[in-house]
Amino acid sequence: MIKRLLGIIPVVFGVISLTFFLIHAVPGDPVEVMLGESASNADRMEIRAELGLDQSIYVQFGVYLNKLVHGDLGVSIHSRKPIMDMLEERLPATFKLAALALLFAILCGLPLGIIAAINAKKWPDQLANLLSLTVSAMPHFWMGPMLMMVFALWLGILPVSGMENATSIILPALTLGFGLAAILTRMTRASMLEVLNEDYIRTAYAKGLPEHTVILRHALRAALMPIITVLGLQLGSLLAGAVITETIFSWDGIGWLLVESIEKRDYLVTQACVLVVALVYVIVNLFTDLIYTKIDPRVRFLK
Amino acid sequence: MRIKNWPVWILGLWFVAGLVSSLNDFNSNQIHLDLILEKPSFQYLLGLDDLGRDILPRLMAGARVSFLVIFLVTTVTASMGIILGLVSGYYGGWIDRTLMQITDIFLAFPGILLAIAFAAVLGAGLSNLILALCITSWVGYARLTRGQVLSLRQRQHVVAAQSLGASTPRIMLKHILPLIAAPLLVEATYSMAALVIAEASLSFLGLGIQAPNASWGAMLRDGVRYMLIAPHYVLVVGLSLMSLVLAVNVLGDRLRDQLDVRG
């Protein structure tokens, strides 16, 4: 476990270096690009000094690291607010959205996958397969508008966008959750099918246990392991999907902040958003691994 | 012409549409101010967009862009990833550790986040979009190749070739690569579906090819704006994109089952 913890240090360091490098991938002078042509020379000098662009790249990286350790991500060129404050404002909205999307995906994907596995090769299985394939082929920027068109514009039962109402979260969460639900359905089906062929399942049936006990108690518990791993990995795709989903629904989270910062060429904010999302993803995966070893005795005994 | 082969037909349609569009553009940027958001008719089969441009030739131009991007990016990233994976898996040691560390870092950025970031700082435009996708999508090929090579390295036919004095490139190309072609093909198919979505996502965010030239992502963004008064616009583009992704994914599933590749 300690080995796993130490293992993320080079990854975190690499992630920080790569996001640091982002600013230097701007063609030409980043200050020129960010401020535009109308900026005064004094402004340019100020920003240049603030970013340390007048120093060597090693010094810049050192300064960047040092600031990062102290929780300082710099100041937005556009709004002059500390980026850390902006992230703190926006992150909870994204977490809320991702959590609801995840909940929806689990409530939808797990039962569908189980039903598909029990009825393998029959019509419920084929229907579930068709559904999950179709949904997987719908990117967020197509799913979102379709849901918006049906539920907000035609039926008029949910708000179009924004976050004023309590129900505003439903459409973006559905948009974000559908894709994951499709993956989860396929994963659960495959995992359950493997387990259902095991001897102890036959034994459980032979003992005369009712079907739901065998499926839920004996089979699902064993099938859950690979599903949890996939969930951990897919949480990242939720965060990436939030970029487009939040933009469509004007959901005031970190994804929308990222897109706004790109439009305003406020690249320090872009950099910070990318860094934070990647770090969250690394931490989530670490936790998934730890949970995995905690609940699967086989993994523990192997060590 | 069997109905079971529909994914191949859709892929063919995509290719032909792109090809025809690169031979004859059919004035895809021509504006008819009197026909803005006009519904489909016999003259304009798919209707007109928000600037009164014919949607059909624009859809074909978008197919051309996405085909070009997917073809280029797949060629570059597959060769790059396969070469890196071969070297890494075959030699092992510090080369392998370094490369795996680098792929770990790239994998720490979920989905198309890194591609968005690179496309954003590089600036909008088709070549930068291709560059951004190339930087970020070689990792899958490298990991897969490396894993496969590791399990093949000690096989008898490889050891035999080594002891007969075959050169390392020869062993890699003649004795290892053919054996891992099947999983790589499946990986390439799935990765192409992801690339179609990635290209459209980036252009949806305004990071791809620039106006007035057409791309599916940008068309979708415009279509969404007018989806109440002219639903045909967003539906035509969205359904095209969806059927393409669906076709490629189904093709990937079938290849996987037929070539008996696991995972």
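Here is a short report on the structure shown in this document.

**What to know about the overall build of chain A**
Across its full length, chain A carries 13 helices and zero strands. Shown N-terminal to C-terminal, the secondary structure of chain A runs as helices and strands in the order α-α-α-α-α-α-α-α-α-α-α-α-α. Principal-axis analysis of the C-alpha atoms gives chain A an extent of 80 × 55 × 30 Å. Residue burial in chain A is summarised as follows: out of 303 residues, 47% are buried. Excluding contacts between residues fewer than 6 apart, the proportion of contacts in chain A whose partners are at least 24 apart in sequence is 69%. Counting only carbon and sulfur atoms, one obtains 66% of the accessible surface of chain A, whose full area is about 15,100 Å². Positive and negative charge centroids in chain A, built from 23 and 24 side chains respectively, lie 14 Å apart.

**What to know about the side chain of A:Ser76**
Mapped onto the elements of the fold, A:Ser76 is located in the loop between α4 (57-69) and α5 (83-118). Once residues lying within four places of it in the same chain are set aside, the contact partners of A:Ser76 are A:Lys81, A:Ile83, A:Met86, A:Asp266 and A:Val269.

**Concerning unusual backbone geometry**
The omega torsion of the bond from B:Ala211 to B:Pro212 falls at 5°, within 30 degrees of zero and hence cis. The phi torsion at A:Arg265 lies on the positive side, around 55°, for a residue other than glycine. Backbone geometry at B:Leu37 places phi at a positive 55°, although glycine is not the residue there. Structurally, the position occupied by B:Leu37 is in the loop between α1 (6-23) and α2 (55-91). Accessibility expressed as a relative area gives 13% for B:Leu37, which makes it buried.

Rules used in this analysis
Residues numbered from 1 in each chain as written. Chains lettered and ligands numbered in written order. Predicted model: local features only at pLDDT ≥ 70, side-chain atom pairs only at ≥ 80, totals over all residues. Heavy atoms only, no water. Helix = DSSP H or I, 4+ residues; strand = E, 2+ residues; numbered from the N terminus. Buried < 20%, exposed > 50% of the residue type's maximum accessible area, 1.4 Å probe, protein only. Contact = heavy atoms within 4.5 Å. Areas by Shrake-Rupley, 256 points an atom, 1.4 Å probe, with all protein chains shown as cover. Lys, Arg positive; Asp, Glu negative; His and termini not counted. Charge placed at Lys NZ, Arg CZ, Asp CG, Glu CD.

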